[in-house]
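# Structural overview
Each chain, written out:
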Amino acid sequence: MALDSNSYGSVAGVVAYVRHMTNAMGTFDSSTSPTLTEVEAFLDQSSDMLNGWLARNKYVIPVTQADAAAILARYANWGAAGLCELSMRNSGYSAEDENRRENKFLKLFEKAKEYIDSGALAQLGVAQTTDSLPPALSGLRV
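Scope of this entry: the structure provided in the associated data block. For every chain, the first residue of its written sequence is number 1, and the numbers climb from 1 along that sequence. pLDDT decides what is reported in this predicted model: residues at 70 or higher carry local features, side-chain atom pairs at 80 or more are listed and counted, and totals for whole chains, interfaces and linings draw on all residues regardless. In computing side-chain values, all of the structure's heavy atoms are included and hydrogens and water are not.

## Here we look at the side chain of Ser47
Selection criterion: Secondary structure counts use DSSP, requiring at least four H or I residues in a row for a helix and at least two E residues in a row for a strand, with both numbered from the N terminus. When a residue's accessible area, from a 1.4 Å probe over protein chains only, is under 20% of the maximum for its type it is buried; when over 50% it is exposed; and in between it is partly exposed. Every residue pair with non-hydrogen atoms within 4.5 Å of one another is taken to be in contact.
Topologically, Ser47 is positioned in helix H2 (residues 36-56). Since its relative accessible area comes to 0%, Ser47 is described here as buried. In contact with Ser47, not counting residues within four places along its chain, are Asn6, Ser7, Tyr8 and Ala76.

## Some details on H2
What counts here: For a helix, the expected span equals 1.5 Å multiplied by the number of residues minus one.
Counted at 1.5 Å a residue, the expected span for H2 with its 21 residues is 30 Å, and the 30 Å between its end C-alpha atoms agrees. All buried positions along H2 are accounted for by Val39, Glu40, Phe42, Leu43, Asp44, Ser46, Ser47, Leu50, Asn51, Trp53 and Leu54. On its buried side, H2 packs onto helix H1 (11-15), helix H3 (66-86), helix H4 (101-117) and helix H5 (120-123). Positive backbone phi, approximately 65 degrees, marks Lys58, located one or two places after H2.

## A word on the packing of aromatic side chains
For clarity, the threshold we go by: Pairs were defined over the aromatic rings of Phe, Tyr and Trp, the Trp ring being its six-membered one, requiring ring centres within 6.5 Å. Orientation was assigned from the angle between planes: stacked under 30 degrees, edge-to-face over 60, tilted for the rest.
Counted by the stated rule, this structure contains 4 aromatic pairs. Relative to Phe105, the ring of Tyr17 lies with its centre 5.6 Å away and its plane at 70 degrees, an arrangement referred to as edge-to-face. Of this pair, Tyr17 sits in the loop between H1 and H2 while Phe105 sits in helix H4, placing them 88 residues apart in sequence. Residue Tyr17 is classed as partly exposed on the basis of its relative accessible area, which comes to 29%. Plain terms: the ring middles of Trp53 and Phe109 are 5.5 Å apart, the flat faces sit at 40 degrees to each other, and that makes the pair tilted. Separated by 56 residues along the polypeptide, Trp53 in helix H2 and Phe109 in helix H4 bring together distant segments of the chain. The class of Trp53 is buried, set by a relative accessible area of 8%. Taking the relative accessible area as the measure of exposure, Phe109 reaches 6% and is therefore buried.

Shown next as C-alpha coordinates:
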(Lines give C-alpha, C1' and ligand atoms only; values in the text may rest on other atoms or scores of the structure.)
Protein backbone atom coordinates (compact mmCIF):
# COMPACT_ATOMS: atom_id res chain seq x y z
CA MET A 1 0.00 0.00 0.00
CA ALA A 2 1.18 3.53 -0.71
CA LEU A 3 0.13 6.84 0.75
CA ASP A 4 -2.86 8.61 -0.79
CA SER A 5 -1.96 11.31 -3.31
CA ASN A 6 -3.31 14.01 -0.97
CA SER A 7 -1.41 12.82 2.11
CA TYR A 8 1.41 14.57 3.91
CA GLY A 9 4.31 13.14 5.87
CA SER A 10 6.25 9.96 5.35
CA VAL A 11 6.89 6.62 6.98
CA ALA A 12 10.49 7.74 7.56
CA GLY A 13 9.14 10.83 9.32
CA VAL A 14 7.09 8.64 11.66
CA VAL A 15 10.06 6.33 12.26
CA ALA A 16 11.98 9.31 13.64
CA TYR A 17 9.47 9.48 16.52
CA VAL A 18 8.69 5.80 17.15
CA ARG A 19 11.90 3.99 16.23
CA HIS A 20 11.33 1.61 19.16
CA MET A 21 8.47 0.03 17.18
CA THR A 22 10.53 -0.74 14.08
CA ASN A 23 12.54 -3.81 13.08
CA ALA A 24 16.33 -4.16 13.42
CA MET A 25 16.77 -2.17 10.21
CA GLY A 26 14.81 0.77 11.66
CA THR A 27 11.84 0.37 9.32
CA PHE A 28 8.27 -0.83 9.46
CA ASP A 29 7.32 -4.00 7.59
CA SER A 30 4.74 -6.77 7.77
CA SER A 31 6.33 -8.21 10.95
CA THR A 32 6.40 -5.01 13.03
CA SER A 33 3.66 -3.75 15.29
CA PRO A 34 2.20 -1.63 13.84
CA THR A 35 2.84 -2.89 10.33
CA LEU A 36 3.96 -0.74 7.43
CA THR A 37 0.43 -0.86 6.00
CA GLU A 38 -0.99 0.36 9.32
CA VAL A 39 1.53 3.22 9.57
CA GLU A 40 0.65 4.32 6.04
CA ALA A 41 -3.04 4.21 7.01
CA PHE A 42 -2.28 6.32 10.11
CA LEU A 43 -0.56 8.91 7.88
CA ASP A 44 -3.55 8.92 5.53
CA GLN A 45 -5.95 9.33 8.46
CA SER A 46 -3.94 12.20 9.92
CA SER A 47 -3.74 13.82 6.49
CA ASP A 48 -7.50 13.45 6.04
CA MET A 49 -8.00 15.47 9.23
CA LEU A 50 -5.53 18.10 8.04
CA ASN A 51 -7.31 18.29 4.68
CA GLY A 52 -10.64 18.78 6.43
CA TRP A 53 -9.23 21.70 8.40
CA LEU A 54 -7.61 23.05 5.23
CA ALA A 55 -10.88 22.79 3.28
CA ARG A 56 -12.74 24.62 6.02
CA ASN A 57 -10.27 27.48 5.51
CA LYS A 58 -10.70 27.27 1.71
CA TYR A 59 -7.19 26.04 0.89
CA VAL A 60 -6.65 24.08 -2.31
CA ILE A 61 -5.93 20.43 -1.48
CA PRO A 62 -3.38 18.95 -1.60
CA VAL A 63 -1.11 21.76 -0.49
CA THR A 64 1.96 21.76 -2.72
CA GLN A 65 3.79 24.96 -1.69
CA ALA A 66 7.09 23.56 -0.36
CA ASP A 67 7.28 25.30 3.03
CA ALA A 68 3.61 24.69 3.82
CA ALA A 69 3.79 21.05 2.69
CA ALA A 70 6.77 20.52 5.01
CA ILE A 71 4.81 22.00 7.92
CA LEU A 72 1.80 19.79 7.17
CA ALA A 73 4.11 16.76 6.85
CA ARG A 74 5.41 17.40 10.37
CA TYR A 75 1.85 17.54 11.72
CA ALA A 76 0.87 14.37 9.83
CA ASN A 77 3.95 12.58 11.19
CA TRP A 78 3.04 13.61 14.76
CA GLY A 79 -0.53 12.40 14.25
CA ALA A 80 0.61 9.08 12.84
CA ALA A 81 3.19 8.67 15.63
CA GLY A 82 0.42 9.21 18.19
CA LEU A 83 -1.75 6.59 16.49
CA CYS A 84 1.22 4.20 16.41
CA GLU A 85 1.64 4.67 20.15
CA LEU A 86 -2.09 4.13 20.68
CA SER A 87 -1.85 0.83 18.82
CA MET A 88 0.39 -0.55 21.54
CA ARG A 89 -1.27 -2.71 24.15
CA ASN A 90 -0.23 -0.60 27.14
CA SER A 91 -1.38 2.70 25.58
CA GLY A 92 -4.57 4.62 25.82
CA TYR A 93 -5.70 3.75 29.30
CA SER A 94 -4.95 7.08 30.99
CA ALA A 95 -5.83 10.16 28.96
CA GLU A 96 -4.92 12.43 31.87
CA ASP A 97 -1.39 11.08 32.24
CA GLU A 98 0.78 13.76 30.65
CA ASN A 99 3.71 11.35 30.40
CA ARG A 100 1.97 9.10 27.88
CA ARG A 101 3.71 9.44 24.52
CA GLU A 102 0.52 9.13 22.50
CA ASN A 103 -0.99 12.09 24.34
CA LYS A 104 2.02 14.26 23.56
CA PHE A 105 2.05 13.39 19.87
CA LEU A 106 -1.70 13.84 19.50
CA LYS A 107 -1.59 17.22 21.29
CA LEU A 108 1.10 18.34 18.86
CA PHE A 109 -1.07 17.12 15.98
CA GLU A 110 -4.12 19.02 17.30
CA LYS A 111 -2.13 22.27 17.15
CA ALA A 112 -2.34 21.99 13.36
CA LYS A 113 -5.97 23.10 13.52
CA GLU A 114 -5.03 26.37 15.20
CA TYR A 115 -2.08 26.86 12.86
CA ILE A 116 -4.26 26.35 9.78
CA ASP A 117 -6.93 28.66 11.18
CA SER A 118 -4.30 31.37 11.80
CA GLY A 119 -3.89 32.15 8.10
CA ALA A 120 -0.15 31.45 8.19
CA LEU A 121 -0.41 29.11 5.21
CA ALA A 122 -1.98 31.87 3.10
CA GLN A 123 0.96 34.09 4.02
CA LEU A 124 3.27 31.36 2.70
CA GLY A 125 1.45 31.52 -0.62
CA VAL A 126 -0.81 28.48 -0.38
CA ALA A 127 -3.62 28.78 -2.92
CA GLN A 128 -7.14 29.29 -1.66
CA THR A 129 -10.44 28.76 -3.43
CA THR A 130 -12.86 31.57 -4.00
CA ASP A 131 -16.58 31.39 -3.44
CA SER A 132 -18.53 30.85 -6.64
CA LEU A 133 -21.64 32.45 -5.15
CA PRO A 134 -22.15 36.20 -5.45
CA PRO A 135 -21.76 38.15 -2.23
CA ALA A 136 -24.90 38.54 -0.17
CA LEU A 137 -26.81 41.77 -0.55
CA SER A 138 -26.73 43.99 2.47
CA GLY A 139 -27.56 47.51 3.38
CA LEU A 140 -30.76 47.73 1.34
CA ARG A 141 -33.28 50.16 2.58
CA VAL A 142 -36.88 50.81 1.64
